[in-house]
Amino acid sequence: MTHRILGVPVAVAVFLAAGSAGASPAYASDAFTPGSPNGIDSYFPQDGNGGYRVTQYDLTLRVDPETTDVHGTMVISAAATQNLSSFNLDFSDLGTVTASVDGRSAATEFGGEHEMTVTPEKGIRSGSSFTTTVDYTFNEQQEARKRGLGALPGWVRSTSGGYAKGGEPDGAENWYPSNNTPVNKAPFKLTATVPSSWVAVGGGREGQAVESGGWTTKTWNEPNPVAMYLVPFAVDHFSVFRSTLPSGTPVVSAFAPDAGSGNAEARLPEILGFLESKLGKYPHVAAGGIFADPIREDIAFSALETQTRPYYTFSRDVEDDKRLAVVVHENTHEWYGDVVSVEQWRDICLNECFASYLPWMWSEEKEGKSIDKHYRETVDKVWDDDKVWGNLLYDMCPGGTECSADQVFNPLGVYGKGPLALHALRRTIGDKAFLQILRTWPSEHKWGNATWPQFEAYVQKVTGKDLSGFFTAWFHSVTRPADQYLFPGSLAQR
């Protein structure tokens, strides 16, 4: 389902009795109420806000990684979806903050985990566009120490002293204010200023660098809608390599001193060519990667599919084959996760199951390995392992309850059971239908959002088959699927 900005309501003129022709028209409703501060997703109810939709972000960020001083100015263009007396942004209480709405000073108040309420001087009418500017200053290390942390959540330190923005679904709120929910993606422009001895890297198209007074400023422009957890930013002593894909798409890859620059990364054009053959034309305005070696206690993930430029947490000792599989995985997300995003976090299999299966297809096509053999060996290995089969691949925390990131991103779930399920689906419906679905699904929901039930319906529409039993056995059950679903097609030839 693609979300759209609600249309502008028609003003309803209410005329008084005859003899009052000079009276001014009144609106059908003049009641203004606060936009919802949460409730977009029951799994993470503090993320996302109601009452408006963002249409553009424009962030000017000045970061000194040595002092960890931060100054930011975020300009948010949005449209009201109700008569707003106030609205919320996802932003942590980190330091000095001032805000304005359409150039007029607005009050701010913090509450919850990361809720900043903005109250403009006057209400914002439903359907109208408005611009919010937030200026803020803080010191990352001082704020981290107040919380007893080595770094603020979402701030990933590297061994070379740099920082990167990371975290899924949270993390952005400790960098800048936003409407941090995947159902409100918007274009994002970043103007980053760092000391000239450092290098900043963002997402989208790279602008020209301007140096002044020992500081370097560069703009990174992502013109396509992007979810806030997918906005890339890092500053380090990067070595930057630039090239172009055969299509002319610019490639910018940045390597921190301890991240290495092995053969796996050099194969990015080949990897993207392979993915295009399976998923359709590369959809973004730029490509590349940010390769860092983070301080390990600061990070709980090996990579993140930040839009146009995935972030990798490699160190030099990671073997090339493992690096290669991760690069294939994260770039699969440029279609499955970035172009088409989840409607709710319970739909995460749409992202991770596919990104975990494409490396299997890579090994099949590029290395001549048998996926059927790998599948059977894996199933035999986990045959009696309830920790694998006991994972729901859709709606991990049923009943509308909160869910932890560990439950949603369980390595044995969407990353382990997930690719098994997709290979079983492939053998159930056949290669022709599977490859058609793999290629057309992202274009069906381009730059929008979708749900897992929509995907199930789409598969059944394309194949003309009732696959409810298969989907129940694999995606909605916590037991090992029956043999008819576990060993379909060629997998039955054991």
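Residues numbered from 1 in each chain as written. Predicted model: local features only at pLDDT ≥ 70, side-chain atom pairs only at ≥ 80, totals over all residues. Heavy atoms only, no water.

Student: Please clarify how the UniProt feature "domain: Aminopeptidase N-like N-terminal" (unreviewed entry) in the chain should be interpreted in this entry.
Tutor: Using the residue numbers shown here, the UniProt feature "domain: Aminopeptidase N-like N-terminal" (unreviewed entry) corresponds to residues 56–230. Across residues 56–230 one finds 4% helix and 54% strand; the C-alpha atoms that close the span lie 15 Å apart. (UniProt positions renumbered as here; feature names shortened; annotations may be inferred. Helix = DSSP H or I, 4+ residues; strand = E, 2+ residues; numbered from the N terminus.)

Student: Whenever I open this one, the sheet that holds strand β21 (residues 311–312) confuses me. Can you help?
Tutor: The strands that make up a sheet are held in pairs by hydrogen bonds between backbone atoms, and each pair lies either parallel or antiparallel. One open sheet accounts for five strands, arranged β17-β18-β19-β21-β20; its pairing is mixed. A strand with exactly one partner marks an edge of an open sheet, and here the two such strands are β17 (239–244) and β20 (303–304). In terms of strand pairing, strand β18 (residues 250–255) meets strand β19 (residues 287–291) through five bridges, oriented parallel. Paired with Phe255 across the two strands is Phe291, which belongs to β19. (Pairing = 2+ DSSP bridges.)

Student: Looking at this structure, I do not really get the confidence of the model for the chain. What am I missing?
Tutor: Confidence in the prediction for the chain averages 91 pLDDT; 92% of positions are at 70 or higher. Confidence drops under a pLDDT of 50 for residues 1–28, and excluding neighbours within four residues, the segment shows 29 contacts in the predicted structure. (pLDDT = per-residue confidence, 0-100. Contact = heavy atoms within 4.5 Å.)

Student: Before we go on, may I ask you to explain the pairing of β18 in this structure?
Tutor: For a regular strand, side-chain orientation follows a simple rule: the groups alternate between the two sheet faces. For β18, the tally of buried residues reaches five of six residues, placing the bulk of the element in the interior. Bridge count between β17 and β18: six bridges; the pairing is antiparallel. Along β18, the bridge assignment pairs Val240 with Ala254. (Buried < 20%, exposed > 50% of the residue type's maximum accessible area, 1.4 Å probe, protein only.)

Student: Just checking my understanding: could you explain the UniProt feature "domain: Peptidase M1 membrane alanine aminopeptidase" (unreviewed entry) in the chain for this structure?
Tutor: As annotated in UniProt, the feature "domain: Peptidase M1 membrane alanine aminopeptidase" (unreviewed entry) corresponds to residues 323–474 in the numbering used here. The straight-line gap between the two end C-alpha atoms of residues 323–474 is 29 Å; of that span, 64% is helix and 3% is strand.

Student: How should the domain arrangement of the chain be read in this particular structure?
Tutor: A common way to report how large an interface is uses the accessible area buried once the components associate. Annotation of the chain at the domain level lists domain 1 (33–342) and domain 2 (345–491). Between domain 1 and domain 2, the residue contacts involve 40 residues of the former and 42 residues of the latter. A buried area of about 3,600 Å², summed over both sides, lies between domain 1 and domain 2, and 64% of it is on carbon and sulfur atoms. The tally of links from domain 1 across to domain 2 stands at two salt bridges. Summed over the shared surface of domain 1 and domain 2, the result is 21 residue pairs in polar contact (both at pLDDT 80 or more). Listing elements by their share of the side of domain 1 that touches domain 2, those giving two or more residues are β15 (215–226), α3 (268–279), α4 (320–332) and β22 (341–342). Its residues placed into classes, the side of domain 1 that touches domain 2 shows 21 nonpolar, eleven polar and eight charged. (Domains from an automatic or database assignment. Buried area = accessible area lost by both parts, 1.4 Å probe. Salt bridge = Lys/Arg side-chain N within 4 Å of Asp/Glu carboxyl O. Polar contact = N/O pair within 3.5 Å; in protein donor to acceptor, adjacent residues only side chain to side chain. Nonpolar A, V, L, I, M, F, W, Y, C, P; charged D, E, K, R; others polar.)

Student: Would you mind going over unusual backbone geometry with me for this structure?
Tutor: Most peptide bonds adopt trans geometry, and most residues besides glycine take a negative phi value. Residue Pro169 is bonded to the preceding Glu168 through a cis peptide linkage, with omega at 5°. Along the polypeptide, Pro169 turns up in the loop between β10 (163–165) and β11 (186–195). Phi is positive for Asp102, which is not a glycine, with a value near 50°. Tracing the backbone through its elements, the reader meets Asp102 in the loop between β5 (96–101) and β6 (104–111). Asp102 sits in the partly exposed class, given a relative accessible area of 48%. Phi at Trp447 is positive, roughly 65°, even though this residue is not glycine. Relative to the helices and strands, Trp447 resides in the loop between α10 (431–444) and β23 (449–450).

Student: Just to check I follow, could you spell out the packing of aromatic side chains for this structure?
Tutor: Where two aromatic rings form a pair, the distance of their centres and the angle of their planes describe that pair. Summed over the entire model, instances satisfying the criterion amount to 32 aromatic pairs. Arranged with centres 5.4 Å apart and planes meeting at 55°, the rings of Tyr176 and Phe188 form a pair that is tilted. Of this pair, Tyr176 sits in the loop between β10 and β11 while Phe188 sits in strand β11, and the two are twelve residues apart along the sequence. For the pair formed by Tyr176 and Phe188, the shared burial category is buried. Between Tyr336 and Phe354, the aromatic rings sit 4.4 Å apart at their centres with planes inclined by 20°, giving stacked as the arrangement. Of this pair, Tyr336 sits in the loop between α4 and β22 while Phe354 sits in helix α5 (residues 349–367); the two residues are 18 residues apart in sequence, bridging distant segments of the chain. An identical accessibility class is assigned to Tyr336 and Phe354; each is buried. Members of the aromatic cluster, joined through ring pairs, are Tyr336, Phe354, Trp441, Trp452, Phe455, Tyr458, Phe470, Phe471, Phe475 and Tyr485. The ring centre of Tyr43 lies 4.9 Å from the NZ or CZ of Arg346, which sits over that ring. (Phe/Tyr/Trp six-rings, centres within 6.5 Å; stacked < 30°, edge-to-face > 60°. Lys NZ or Arg CZ within 6 Å of the ring centre and 35° of its normal.)

Student: I would appreciate a short explanation of the pattern of salt bridges in the present structure.
Tutor: If the charged atoms of two oppositely charged side chains come close together, the side chains can form a pair. According to the stated counting rule, one finds 17 salt bridges in the structure shown. Residue Glu143 is joined to Lys146 by a salt bridge in which the shortest nitrogen-to-oxygen separation is 3.1 Å. One end of the pair, Glu143, and the other, Lys146, are both in helix α1 (residues 140–146), three residues apart, so they sit about a helical turn from each other. Judged by its relative accessible area of 64%, Lys146 is exposed. One continuous salt-bridge network, built from bridges that share partners, spans Glu364, Asp372, Arg426, Arg427 and Asp431.

Student: Is there a simple way to think about the nonpolar core in this case?
Tutor: Across soluble globular proteins, nonpolar side chains show a tendency to be buried alongside one another. If you look at the biggest cluster of nonpolar residues, it comprises 138 residues, and the most contacted ones within it are Tyr136, Tyr176, Phe188 and Trp474. The element contributing the most residues to this core is α5, with nine residues. Taken domain by domain, this core gets at least three of its residues from each of domain 1 (33–342) and domain 2 (345–491). The contact partners of Phe188, leaving out residues within four places of it in the chain, are Gln56, Tyr57, Leu59, Met74, Tyr176, Trp220, Asn221, Glu222, Val226, Met228 and Val231. (Core = buried A, V, L, I, M, F, W, Y, C linked by side-chain atoms within 4.5 Å.)

Student: Looking at this model, I keep getting lost on α4. Mind explaining?
Tutor: Its 13 residues place the ends of α4 18 Å apart at the C-alpha level, agreeing with the 18 Å of an ideal helix rising 1.5 Å per residue. Considered for burial, the residues of α4 that qualify are Arg323, Leu324, Val326, Val327, Val328, His329, Glu330, Asn331 and Thr332. Tucked inside the fold, the buried residues of α4 contact α2 (263–266), α3, β20, β21, α5 and α9 (413–429). (Expected span 1.5 Å × (residues − 1).)

Student: Explain the state of the cysteines here, please?
Tutor: Working definition of a disulfide: a covalent bond connecting the sulfur atoms of two cysteines. By the definition in use, this model includes two disulfides. Residue Cys349 pairs covalently with Cys353 via a disulfide, S to S 2.0 Å. In this structure, the disulfide formed by Cys349 and Cys353 twists by about -110° around the S-S bond and is classed as left-handed. Of this pair, Cys349 and Cys353 both sit in helix α5, four residues apart, which is roughly one turn of that helix. Judged by relative accessible area, Cys353 falls into the buried class, the value being 0%. (Disulfide = S-S within 2.5 Å.)

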